[in-house]
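Now for the letters of each chain:
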Amino acid sequence: MNQTPSESDRPSILVVDDTPENLRLLVNLLTQKGYKVRAVPSGKLALSGIELSRPDLILLDIMMPEMNGYEVCETLKANDSTKNIPVIFISAMSEVLDKIQAFEVGGVDYVTKPFQAEEVLARVELHLDNRNLQKNLEARNQDLAKALEQLTATQNYLIQSEKMAALGQLVAGIAHEINTPLGAIRASSSNIVRALEESLGEFPKLFGRLSEEQQDVFVSLVDEARSRQKNYGTVPPLETRTRKRALTRQLQKYDIEEARYIADTLMDMGIEGEVEPFLSLLQCPDAEEIVQLAYNFLSLQLNNKNITIAVENASKVVFALKRYAHYDHTGDKQVVDIPESLDTVLELYHNQLKQGVAVRRDYRPLPTLWGYPDELNQVWTNLVQNALHAMKGKGTLEICVDCCDSNIAIEFTDSGSGIPPDIQTRIFDPFFTTKSAGEGSGLGLDIAKKIVEKHKGEIAVNSIPGQTTFKILLPVEEKPRDRGK
């Protein structure tokens, strides 16, 4: 059952008009739609009220005494705290120059009086959605910026002893994994801004010249492009050119001007084949601008989707780092999710692994294991890093987890060069290393062994050229008593 949004969740709208009848009409219309509405009869009162409580959107008349709507909007846009509040002008002034001035001072839309209720509500909803999208982008970028700051702080805390070598290699990969979605967000945000700038100024003029039937066709064109984008895969360049020429000829058959340009835009939208349903738009004098406008609306939706995917990818890396960096200060054993902890480490090594290492995972159902999760993460880190070094970044890494009698068995098998028999008995000795100076301290496997033994387990190695397996056995114990109980 749908719940009525709380007072704090409802968007707030400020209506500014010196005509009481207009104020009553707009307040009633917007209140019935669930918005919080404030009404003021002058520009000066509006500016004073905004300082006390900032609305999510402003509906602003132009012709008012003392201070007209243009002056109010300019004042808002000059103030850093109010410049991002969207302003929709609602005025009886219908000249093109009046509308141009409205957009020049910072308005996002223009509605001519007498207005249609449905038009006002549609534009209000559109710009509230755009404002929410902008707020979400700002919040997500702030979260990612904070995550990068936390990454730096975590690095300073963790880079010690053997972790210095491991994290020293991890940080570059993690930064790459975060910078990639940040770049996608930055590009998509720029595309959204460009599409909005191109569309909002032209939309009222172009859409107003369309008949009601053509407006319906415009909506159908955007909806059809949206549905086709879901299944529109990559097409080879040669086939794309062939399809584009065919679409151009089809448009020319209907005497459509600028057929080649329109065909290019329609192809970018995924529209090809039957164009008859859209002929009433394509044959009008403004067809080129109308198709571009439809493409811009589609671009807004596609770029929003790209931002969502990029944020999810970045969040996954940040969440993995958060789990990896967690340190339990209580000293008490906790339930250890072996597959989850392994996947956390693999996620942090994703950038190195994807360069040429195939990872195969075989996780079988396990009983509950009590232990120290953050310390076991260090074991997995050392073994994965050693495997990458042995394979020189190319090969196969297999990780198997299964039950073995009363133990949980974890095996790491890599396809590297192997460990010579004469040093296999020494690899767990402290400070013993076969790596070059600066690549390792020789404490990694010694630390891993001590952590396994702390869990009353065992670690062993079996190696031949092309296959090295580290096997860890961790005993399954009953739930331990907490300290002090």
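Computed from a prediction, not measured in an experiment: that's the story for all the values here.

Description of the overall build of the protein
Inference 1: In terms of helices and strands, the protein carries 15 helices and 12 strands.
Inference 2: Among the 485 residues that make up the protein, the fraction classed as buried is 44%.
Inference 3: Carbon and sulfur atoms make up 50% of the accessible area of the protein, which amounts to about 25900 Å² in all.

Digging into the nonpolar core
Inference 1: Residues Ile338, Trp380, Ile410 and Ile472 are the most contacted members of the largest nonpolar core, which totals 35 residues.
Inference 2: Of all the elements in the fold, those that place two or more residues in this core are helix H12 (338–348), helix H14 (373–391), strand E9 (395–404), strand E10 (407–414), helix H15 (444–454) and strand E12 (467–475).
Inference 3: The dominant element in this core, judged by the number of residues it contributes, is H14, at eight residues.
Inference 4: If we skip the residues at most four places from it in the chain, Ile410 touches Ile338, Leu342, Trp380, Cys400, Val401, Phe470, Lys471, Ile472 and Leu474.
Inference 5: One finds Leu206, Leu210, Cys284 and Ala287 within the second-largest nonpolar core, a separate group that totals 32 residues.

Here we look at the environment of Leu348
Inference 1: Following the sequence through the fold, Leu348 ends up in helix H12.
Inference 2: Between the C-alpha atoms of Leu348 and Thr381, which are 33 residues apart in sequence, the distance is 9.4 Å.

Notes on the pattern of salt bridges
Once their charged atoms are close, side chains differing in charge can pair, the charge on each being opposite to the other.
Inference 1: Per the counting criterion, the structure on display carries 14 salt bridges.
Inference 2: Between Lys83 and Asp80 there is a salt bridge whose closest N-O contact spans 3.5 Å.
Inference 3: Among the residues examined, Lys83 registers a relative accessible area of 38% and is labelled partly exposed.
Inference 4: Judged by its relative accessible area of 62%, Asp80 falls in the exposed class.
Inference 5: As a salt-bridge pair, Glu119 and Arg123 come within 2.9 Å of each other at their nearest N and O atoms.

Some points on the UniProt feature "modified residue: 4-aspartylphosphate" (unreviewed entry) in the protein
Inference 1: UniProt's entry tags Asp61 with the feature "modified residue: 4-aspartylphosphate" (unreviewed entry), counted in the numbering of this structure.
Inference 2: Tracing the backbone through its elements, the reader meets Asp61 in the loop between strand E3 (57–60) and helix H3 (69–77).
Inference 3: Leave out the neighbours within four places in its chain, and Asp61 touches Val16, Asp17, Asp18, Gly69, Ile90, Ser91 and Lys113.

Let's talk about the pairing of strand E4 (residues 87–91)
Inference 1: Summarising burial for E4: five of the five residues are buried, a large majority.
Inference 2: Judged by which residues are buried, E4 turns out to be covered on both faces: Val87, Phe89 and Ser91 on one side and Ile88 and Ile90 on the other are all buried.
Inference 3: Relative to E4, E3 is paired through three bridges, and the arrangement is parallel. By the bridge assignment for E4, Leu60 is matched with Phe89.
Inference 4: Following the backbone out of E3, through H3 and into the adjacent parallel E4, one traces a crossover that is right-handed.
Inference 5: For E4 and strand E5 (residues 109–112), the ladder comprises four bridges, and the chain directions are parallel.

What counts, and at which threshold
- Residues numbered from 1 in each chain as written.
- Predicted model: local features only at pLDDT ≥ 70, side-chain atom pairs only at ≥ 80, totals over all residues.
- Heavy atoms only, no water.
- Helix = DSSP H or I, 4+ residues; strand = E, 2+ residues; numbered from the N terminus.
- Buried < 20%, exposed > 50% of the residue type's maximum accessible area, 1.4 Å probe, protein only.
- Areas by Shrake-Rupley, 256 points an atom, 1.4 Å probe, with all protein chains shown as cover.
- Core = buried A, V, L, I, M, F, W, Y, C linked by side-chain atoms within 4.5 Å.
- Contact = heavy atoms within 4.5 Å.
- Salt bridge = Lys/Arg side-chain N within 4 Å of Asp/Glu carboxyl O.
- UniProt positions renumbered as here; feature names shortened; annotations may be inferred.
- Pairing = 2+ DSSP bridges.
- Right-handed = clockwise from strand over helix to strand, strands pointing away.

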